[in-house]
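A closer look at the structure
The chain contents come next:
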Amino acid sequence: MARDGGVTCLRSSEMLNVGLGGMESPPLDLDEVHVLAVDDSLVDRIVIERLLRITSCKVTAVDSGWRALEFLGLDNEKASAELDRLKVDMIITDYCMPGMTGYELLKKIKESSSFRQVPVVIMSSENVLTRIDMCLEEGAEDFLLKPVKLADVKRLRNHLTGDVKLSNGNKRKLPEDSVTVHALLPPPPALTLSTDSSDSSPPLSPVEVFSSPLSSLIDDEDDDDVLTSSPTPEESPVRRQKMRSPGLD
Amino acid sequence: MDSHVAQLQMQYRNYILSLYQQGFLDDQFTELKSLQDDGSPDFVAEVLSLFFDDCVKLVGNMARALDQTGTVDFSQVGANVHQLKGSSSSVGAKRVKGLCINFKELCEAKNYEGCVRCLQQVDIEYKTLKAKLQDMFNVSVIIVHMNPVSVWDDFNKIILGKE
């Protein structure tokens, strides 16, 4: 099937998604960031999906590494050229999963020619430095400690903004500043005007959040960054490590 | 009518604060609440509902695993505890999460009695939380029902003292 320059469509095997636990894969357009989320916990899938949607990402959520590979077309021996190109801008995966761990999934993605440049983010409930190092050495873009917060996802999203404008789905180059940021440096400045600049505003207290039972937060809140009650990303280097991805140098 | 609504609003607010103060909820719950908006008004309820389903399933798995007298597979129990710890952490169910941390250690120590006791506590704890959150949702529905038009204005005025 002929493809023009940068236009990519989801493969017909995307139809499999309907049977794979009712995942949603809405039609994509090139300017939208599409994230593949992998987590065996349904609760966590729903939360990460919401976090990503709030930051204007399209989300496909799957419940295992195998399903992720299936979705990406990496689950068989066919040369990727035979498969329709899939537009995936980021993969975010849990570390501890039965069957295939997030680390194993990361390795497989980095071994593939079609997807090795796609940033892979690992999430884990355990802050184990050896684990973090191992993932980063294997080429993980970032490592998030669970429970994941909106500020974490916003930071990831801002990071991707510069890539989305490129025309060809999978041949994405990470911006130079992302590659050269080291572990001890704070996260790179946002590429767009971000709402993460709320240094002057304290996190919202439960009182403020819960004054409106069923609606969103208080409208006359001055703080731009109403959607997060977590501290700004600069703190806690252990929690939010942003490191070089050696594989992409 | 306003004073009734105001009173209910105050009770609602205090009730929620007490859940935090008593350690039932932590800031992850606040985070989830902040992800809810008019476009997704049921987000918190949906996530919590899935969490409680998870609790039923995982507690059941653990009970069965511990029921295998003489041949208890503690790693199996531990795997379920790990999952419960993860989802309780994701919704801000602080006490359940805390129990899971202890539970994990008991599994690693293959402490049968300890595990059985801990499982009972987990069972009580998630059910207690469910009942409390159900009360909270019920009250919030009543408040909205009583004064649907200007309820948010009233909140801002009364609770935050803003005009």
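Starting afresh in each chain, residues are numbered from 1 along the sequence in its written order. Whichever chain is written first is A, and whichever ligand is written first is 1; the rest continue in order. Per-residue local features of the predicted model are confined to residues with pLDDT of at least 70, and side-chain atom pairs are confined, for both listing and counting, to 80 or more; whole-chain, interface and lining totals are unaffected and use all residues. Excluded from the side-chain calculations are hydrogens and water; all other atoms, namely the structure's heavy atoms, are used.

Some points on the overall build of chain B
By definition, any uninterrupted DSSP run of H or I lasting at least four residues is a helix, any uninterrupted run of E lasting at least two residues is a strand, and each is numbered from the N terminus. When its secondary structure is counted, chain B shows 7 helices and 0 strands. A simple rule labels every residue: compare its accessible area, found with a 1.4 Å probe on the protein chains alone, to the largest value its type can have, and call it buried under 20%, exposed over 50%, or partly exposed in between. For chain B, the residues scored as buried account for 50% of the 163 residues in total. When contacts within chain B are restricted to residue pairs at least 6 apart in sequence, long-range pairs at least 24 apart make up 65% of them. Areas reported as accessible are Shrake-Rupley estimates using a 1.4 Å probe. Residue values count occlusion only from the protein chains shown. Carbon and sulfur atoms make up 51% of the accessible area of chain B, which amounts to about 7,900 Å² in all. The contact criterion used throughout is that any non-hydrogen atoms of two residues lie within 4.5 Å.

Description of the UniProt feature "modified residue: Phosphohistidine" (unreviewed entry) in chain B
UniProt positions are given in the numbering used here, feature names are shortened, and annotations may be inferred rather than shown by experiment. What UniProt calls "modified residue: Phosphohistidine" (unreviewed entry) maps, in this numbering, to B:H82. Tracing the chain through its elements places B:H82 in helix α4 (residues 74-91). For B:H82, a relative accessible area of 19% corresponds to the buried category. The contacts of B:H82, once residues within four sequence positions are left out, are A:C96, A:S125, A:E126 and B:K104.

With respect to empty space enclosed by the protein
Both site types are read off a 1 Å grid over the protein atoms alone. A 1.4 Å probe that fits but cannot get out defines a cavity, while an open set with protein on both sides within 12 Å along at least five of seven lines defines a pocket; lining residues have an atom within 4 Å of a point. Grid points are joined across faces, edges and corners, and a volume is the space filled by probe spheres set on the points. Applying the stated criterion across every chain yields a total of 4 cavities of 30 Å³ or more. A volume near 70 Å³ is recorded for the largest cavity. Around the largest cavity sit A:D39, A:D44, A:V47, A:I48, A:L51, A:M123, A:K146, A:P147, A:V148, B:Q28 and B:S90, which together line it. Residues that form the lining of the largest cavity fall into these classes: 6 nonpolar, 2 polar and 3 charged. We call Asp, Glu, Lys and Arg charged. Ala, Val, Leu, Ile, Met, Phe, Trp, Tyr, Cys and Pro are nonpolar, and the rest, Gly among them, are polar.

A short note on the UniProt feature "modified residue: 4-aspartylphosphate" (unreviewed entry) in chain A
Residues and elements named next belong to chain A. When the UniProt feature table is mapped onto this chain numbering, "modified residue: 4-aspartylphosphate" (unreviewed entry) sits at D94. With respect to the helices and strands, the residue D94 is situated in strand β3 (residues 90-94). Apart from the residues lying within four places of it in its own chain, the contact partners of D94 are V38, D39, D40, G102, M123, S124 and K146.

What to know about the state of the cysteines
Only a pair of cysteine sulfur atoms within 2.5 Å counts as a disulfide in this structure description. Scanning the entire structure with this criterion turns up 0 disulfides over all chains. No disulfide involves A:C96; its sulfur sits 10 Å from that of A:C135, the nearest cysteine. Residue classification places A:C96 among the partly exposed positions, given a relative accessible area of 26%. The thiol of B:C115 is unpaired, and the distance to the nearest cysteine sulfur, on B:C107, comes to 3.9 Å. What makes B:C115 buried here is its relative accessible area of 0%.

Quick notes on the packing of α4(B) against helix α5 (residues 94-108) of chain B
All names here are of chain B. Here α4 crosses α5 at 160°, and the two axes come no closer than 9 Å. Our classification of the angle between α4 and α5 gives roughly antiparallel. Here α4 and α5 pass one another in a crossing that is left-handed. Judged by residue contacts, F74, V77, G78, V81, H82, L84, K85, S88 and S89 of α4 engage V96, K97, C100, I101, F103, K104 and C107 from α5. Helix axes are fitted to C-alpha atoms over the stretch in contact, other axes to C-alpha atoms as well, and angles between N-to-C directions run from 0 to 180 degrees. If an angle is under 35 degrees, it is roughly parallel; if it is over 145, roughly antiparallel; if it lies from 65 to 115, roughly perpendicular; otherwise it is oblique. Should the near helix be turned counterclockwise from the far one by less than a right angle, the crossing is left-handed, whereas a clockwise turn marks it as right-handed.

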